[in-house]
Amino acid sequence: MGDSHISNRSEQSEKWSRRGILAALGAVPAATLLTGCGSGGAGASPGSAATASVRAATRKPVVTVTPADGTTKADFTAPVEVVVTDGTLASVKVTGNDGSALDGSYNDDRTTWTSSRNPYSGTEYTVAVTAQDGTDVTAAFTTRSPGETFVGYFTPEAGSTSGVGMPVSIDFTRAVSDKAAVQKAITVTAEPAVEIVGHWFSDTRLDFRPETYWAAGTRITLGLRLKDVQGADGVYGVQSKDVTFHIGREQISTVDLATKEMVVQRGGETIATYPVSGGDAEHTTWSGIMVISERFEQTRMESSTVGLGDEYDISDVPHAQRLTTSGTFVHGNYWASTAVFGHQNTSHGCIGLHDAKGANDSSVDGYKFYDSSMLGDVVIVRNSGERTVEASNGLNGWNLSWSDWKAGSAL
């Protein structure tokens, strides 16, 4: 009995020992959960958290610049980007060998910097980056040059003074298919301020004007930011400049070919009245609002250049001022009798005033009117027997209503 009792106790002890071991093994996860918000829980090796902190503290920031350092034909149609991992950005400076600098902005975490505009083509850039821990990184790249380019030739000339009818007219050397992109890159502003809108006459011509004539004394600034703007597939602009023009006094001359008289007003006051001769019944003069776009003290006029065969060839036409691209001028006339002016319309479409051969006689009407005029002055023709001139024929966009003008904008 005693042995048996001892034996039972031994078996019980063995069973309980096994259960204790199993219980102890099963308690490990529970202990981990219970102590999870404490010092690391069961099973954590001593100092493991501190080791992780040290590793994080000693990890160096990694800076990536796009375009990559050493790139020789980088894209100029995308912004420059700087990204840092394992750190934040303290400063980013991007400068070009042309003296330009690229401004930019950081994201909220200061882990990314993006330039506010694209880099210029054909330019070498240096990127200097400093991370918050003091790590400095420098990269350099060169953007590729565009394959094909275009420029815009503008009227009037920079620094010039013109009459109140002068639009800002730009002729492009290549056809523009992305008119919105090109127009967006051009600004025209005025002092005193006035709304100014662009109008496309063709794929190569864009004019700007306000609703009514400019105010006398206006200062106009043309801003061209066409460099690297894609005007057509693979064709990019090259200009980045500002130019200014000025508007002088207001002079508006009205030609009535029924009365054969021209009245010149300056600032609303009549300063001169001249007898004139316009186009005859077979060669009527354009009617409408026209702007003086060229001026010649003397010039040659040949009928063959305007589709009239060999009807005339005059080598020394005095005091000629162009009104249309197609060949309409207001000019002096020394070869016709003085009795013609104010009485008969005998020209091939131009408006003539009595003048003298050699353009040196200051007493004649042709000389006086030329001397009082400037580029951009307005000449209005009425009762000519001809339809209104096309707005694109010369600098004559004033013949379009404001709504029609605005309809020609790409923006």
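Residues numbered from 1 in each chain as written. Predicted model: local features only at pLDDT ≥ 70, side-chain atom pairs only at ≥ 80, totals over all residues. Heavy atoms only, no water.

Draft legend 1. Layout of the overall build of the chain. For the chain, the count of helices and strands is 5 helices and 28 strands. When the 411 residues of the chain are sorted by exposure, 40% land in the buried category. By element, 50% of the accessible surface of the chain is carried by carbon and sulfur atoms, the whole surface being about 21100 Å². (Helix = DSSP H or I, 4+ residues; strand = E, 2+ residues; numbered from the N terminus. Buried < 20%, exposed > 50% of the residue type's maximum accessible area, 1.4 Å probe, protein only. Areas by Shrake-Rupley, 256 points an atom, 1.4 Å probe, with all protein chains shown as cover.)

Draft legend 2. Representation of the pairing of strand β6 (residues 112-115) in the model. For strand β2 (residues 81-85) and β6, the ladder comprises 3 bridges, and the chain directions are antiparallel. Paired with Val 82 across the two strands is Trp 113, which belongs to β6. Where strand β5 (residues 104-106) lies against β6, 3 bridges are found, and the strand directions are antiparallel. By the bridge assignment, Tyr 106 is partnered in β6 with Trp 113. Following β5, the chain reverses through 5 residues before pairing antiparallel with β6; Arg 110 in that reversal takes a positive phi of roughly 55°. (Pairing = 2+ DSSP bridges.)

Draft legend 3. Focus on the packing of aromatic side chains. Summed over the entire model, instances satisfying the criterion amount to 9 aromatic pairs. Residues Tyr 125 and Phe 141 carry aromatic rings whose centres are separated by 5.5 Å and whose planes lie at 25° to one another, so their mutual orientation is stacked. Separated by 16 residues along the polypeptide, Tyr 125 in strand β7 (residues 124-131) and Phe 141 in strand β8 (residues 136-142) bring together distant segments of the chain. Phe 141 carries the same exposure label as Tyr 125, and that label is buried. Judged by centre distance (6.0 Å) and plane angle (75°), the rings of Phe 150 and Phe 172 are edge-to-face. Of the two residues, Phe 150 sits in strand β9 (residues 148-150) while Phe 172 sits in strand β12 (residues 168-172), which places them 22 residues apart along the sequence. You can call Phe 172 buried: its relative accessible area is 6%. Members of the aromatic cluster, connected to one another through ring pairs, are Phe 150, Phe 172 and Trp 200. Against the face of Tyr 106 rests Arg 110, its NZ or CZ located 3.8 Å from the ring centre. (Phe/Tyr/Trp six-rings, centres within 6.5 Å; stacked < 30°, edge-to-face > 60°. Lys NZ or Arg CZ within 6 Å of the ring centre and 35° of its normal.)

Draft legend 4. Region of interest: the confidence of the model for the chain. On average, the chain scores 89 in pLDDT, and the residues at 70 or more come to 86%. The model gives residues 1-44 a pLDDT under 50, and that stretch makes 5 contacts with residues more than four places away or in other chains. (pLDDT = per-residue confidence, 0-100. Contact = heavy atoms within 4.5 Å.)

Draft legend 5. A look at the side chain of Thr 299. Here Thr 299 lies in strand β24 (residues 294-302). Owing to a relative accessible area of 18%, Thr 299 belongs among the buried residues under this scheme. Excluding residues within four positions of it along the chain, Thr 299 makes contact with Ile 314, Ser 315, Asp 316, Val 317 and Ala 320.

Draft legend 6. Focus on the sheet that holds strand β23 (residues 288-291). Taken together, 5 strands build an open sheet; the order of strands is β22-β21-β20-β28-β23 and the sheet is mixed. Single-partner strands in this sheet number two, and they are β22 (269-275) and β23. Within the sheet, the average angular offset between the axes of one strand and its neighbour, ignoring direction, is 20°. Bridge count between strand β20 (residues 251-256) and strand β28 (residues 378-382): 5 bridges; the pairing is parallel. Within β28, the position partnered with Asp 256 by the bridge is Arg 382. Helix α4 (residues 365-372) rests against β20, β21 (261-266) and β22 of the sheet, and its axis sits at about 145° to β22. (Axes fitted to C-alpha atoms, helices over the stretch in contact; angles between N-to-C directions.)

Draft legend 7. Expanded view of the sheet that holds β6. Taken in spatial order, the 4 strands make up an open sheet running β1-β2-β6-β5, and their pairing is antiparallel. In this open sheet, the two edge strands, each paired with only one partner strand, are β1 (62-66) and β5. Within the sheet, the average angular offset between the axes of one strand and its neighbour, ignoring direction, is 15°.

Draft legend 8. Examining unusual backbone geometry more closely. Geometrically, the link from Thr 155 to Pro 156 is a cis peptide bond, its omega value of 5° lying close to zero. With respect to the helices and strands, the residue Pro 156 is situated in the loop between β10 (152-155) and β11 (161-162). The omega torsion of the bond from Glu 191 to Pro 192 falls at 5°, within 30 degrees of zero and hence cis. Secondary-structure assignment places Pro 192 in the loop between β13 (186-191) and β14 (197-202). Positive phi, normally seen in glycine, also occurs at Asp 228, with a value near 70°. Relative to the helices and strands, Asp 228 is located in the loop between β16 (219-225) and β17 (230-232). The residue Ala 359 is not glycine, and still its phi comes out positive at about 60°. Look at Ala 359 and you get buried, because its relative accessible area is 1%.

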